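Structural description and commentary
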Amino acid sequence: MKKYTVEEARKSLLKRQPFGQQAVPQKTLDGIQALFGEALTPAEAVARILADVRMRGDQALVEWNTRLDNRSDQLLRVPAEEMQSALAGLPEDQLAALKFAIDRVRSFHNKQPASSWMDQTLGGTLGQLLRPIRRVGLYVPGGSAPLPSSVIMSAIPAQVAGVKQIVICSPADRTTGRISPVTLAAAALVGVEEVYAIGGAQAIAAMAFGTQTIQPVDKIFGPGNLFVTLAKQQVFGAVGIDT
């Protein structure tokens, strides 16, 4: 096992290159050129997708889903029946693991919330008022592997905080054209009913700007790849993002 001195750690482990200055793999650049027909930076590609979704709404989402995730289904929202079917078909060990994780995470966050308070003893009124965000969007990655943990770790804090409207966007599996059943099962278990099979920058655009089908959210949370991260940076201001 490698052991670092403090000085070595500063020079290696703690060295971080600014996000915008990181080298982009040539394979990624080649993929962008094949998709758009010209050489673009990832930020430029994301900007075009955001603008397209903002202008054309649902139709742009369907087209980008087809081009990027091989999902041509016109139905963007996952039907309740599909979510319940995913939950019913989940193996017992996976179901038990999800329930255990949900209970643990909810128990932790139930101890966490601060409360509103007022103090008028100093000749004025001081304090804080805490109000939940009205509507939040959660991005749940799924391109390389299903991540039900992202559902649990994002949705439960929002619920404990009192958020009434929670929407999830997650990319469809390229082979099946559907969101992973374990991800849908996790959403069903935590009680999130509004789930859309949309990934990438187009999902961020849909949650930020809204479309004919999807109402815009007030803040977007959740991890993602290079394109998701760039999209969140570019929509900041029109919508809040996590930090």
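Presented here is a report on the structure given in the accompanying data block. (Residues numbered from 1 in each chain as written. Predicted model: local features only at pLDDT ≥ 70, side-chain atom pairs only at ≥ 80, totals over all residues. Heavy atoms only, no water.)

Attention now moves to the overall build of the chain. Helix and strand content of the chain: 10 helices and seven strands. C-alpha extents for the chain along the principal axes are approximately 65 × 55 × 45 Å. Counting contacts in the chain only where the partners sit at least 6 residues apart, residues at least 24 apart contribute 68% of the total. For the chain, the accessible area works out to roughly 14000 Å², and carbon and sulfur atoms hold 55% of it. With 25 positive and 21 negative side-chain charges, the chain shows a separation of 7 Å between the mean positions of the two kinds. (Helix = DSSP H or I, 4+ residues; strand = E, 2+ residues; numbered from the N terminus. Contact = heavy atoms within 4.5 Å. Areas by Shrake-Rupley, 256 points an atom, 1.4 Å probe, with all protein chains shown as cover. Lys, Arg positive; Asp, Glu negative; His and termini not counted. Charge placed at Lys NZ, Arg CZ, Asp CG, Glu CD.)

Here we take up the sheet that holds strand E4 (residues 165–170). In a beta sheet, neighbouring strands pair by backbone hydrogen bonds and run either parallel or antiparallel. Strand order in the open sheet formed by five strands is E5-E4-E3-E6-E7, and the pairing between neighbours is parallel. Two strands close off the open sheet at either side, each with one partner strand: strand E5 (194–197) and strand E7 (240–241). Against the sheet, helix H9 (residues 200–209) touches strand E3 (135–139), E4 and strand E6 (219–221), its axis set at about 175 degrees to E3. (Pairing = 2+ DSSP bridges. Axes fitted to C-alpha atoms, helices over the stretch in contact; angles between N-to-C directions.)

Before going further, it helps to examine the pairing of E4. Burial analysis of E4 places five of its six residues in the buried class, the great majority of the element. Both E3 and E4 contribute to a ladder of five bridges, which runs parallel. Note on E4: the bridge partner recorded for Arg-135 is Gln-165. Following the chain from E3 across helix H7 (residues 148–161) to the adjacent parallel E4, one finds a crossover that is right-handed. In this sheet, E5 lies alongside E4 in parallel orientation, the contact comprising four bridges. Residue pairing for E5: Ile-168 is matched across the bridge by Val-195. Taking the sense of rotation as the criterion, the β-α-β connection linking E4, helix H8 (residues 181–190) and E5 turns out right-handed. (Buried < 20%, exposed > 50% of the residue type's maximum accessible area, 1.4 Å probe, protein only. Right-handed = clockwise from strand over helix to strand, strands pointing away.)

What follows deals with helix H4 (residues 58–69). Helix length check: H4, at 12 residues, gives a terminal C-alpha distance of 15 Å against a target of 16 Å (1.5 Å per residue), a fit within 8%. Structurally, H4 contributes buried residues whose contacts are with helix H2 (26–36), helix H3 (42–56), E5 and H9. (Expected span 1.5 Å × (residues − 1).)

In this section: the nonpolar core. The tendency in soluble globular proteins is for nonpolar side chains to be buried as a group. Ile-204, Met-207, Ile-220 and Val-235 are the most contacted members of the largest nonpolar core, which totals 34 residues. Broken down by secondary-structure element, the contributors of at least two residues to this core are H2, H3, H4, E4, H9 and helix H10 (226–235). Looking at this core, the element that brings in the most residues is H9, giving seven residues. The residues contacting Ile-204, other than those within four sequence positions of it, are Tyr-139, Ile-220, Val-228, Ala-231, Lys-232 and Val-235. (Core = buried A, V, L, I, M, F, W, Y, C linked by side-chain atoms within 4.5 Å.)

The subject of this paragraph is the packing of helix H5 (residues 80–88) against H8. One way to put it is that H5 packs onto H8 with a least axis distance of 8 Å and a crossing angle of 105 degrees. Taken as axis vectors, H5 and H8 run roughly perpendicular relative to one another. Here H5 contributes Glu-82, Met-83, Gln-84, Ala-86 and Leu-87 to the contact with H8, which in turn contributes Pro-181, Leu-184, Ala-185, Ala-187, Ala-188 and Leu-189. A breakdown of the residues in the contact of H5 with H8 according to their chemical character gives nine nonpolar, one polar and one charged. (Parallel < 35°, antiparallel > 145°, perpendicular 65-115°, else oblique. Nonpolar A, V, L, I, M, F, W, Y, C, P; charged D, E, K, R; others polar.)

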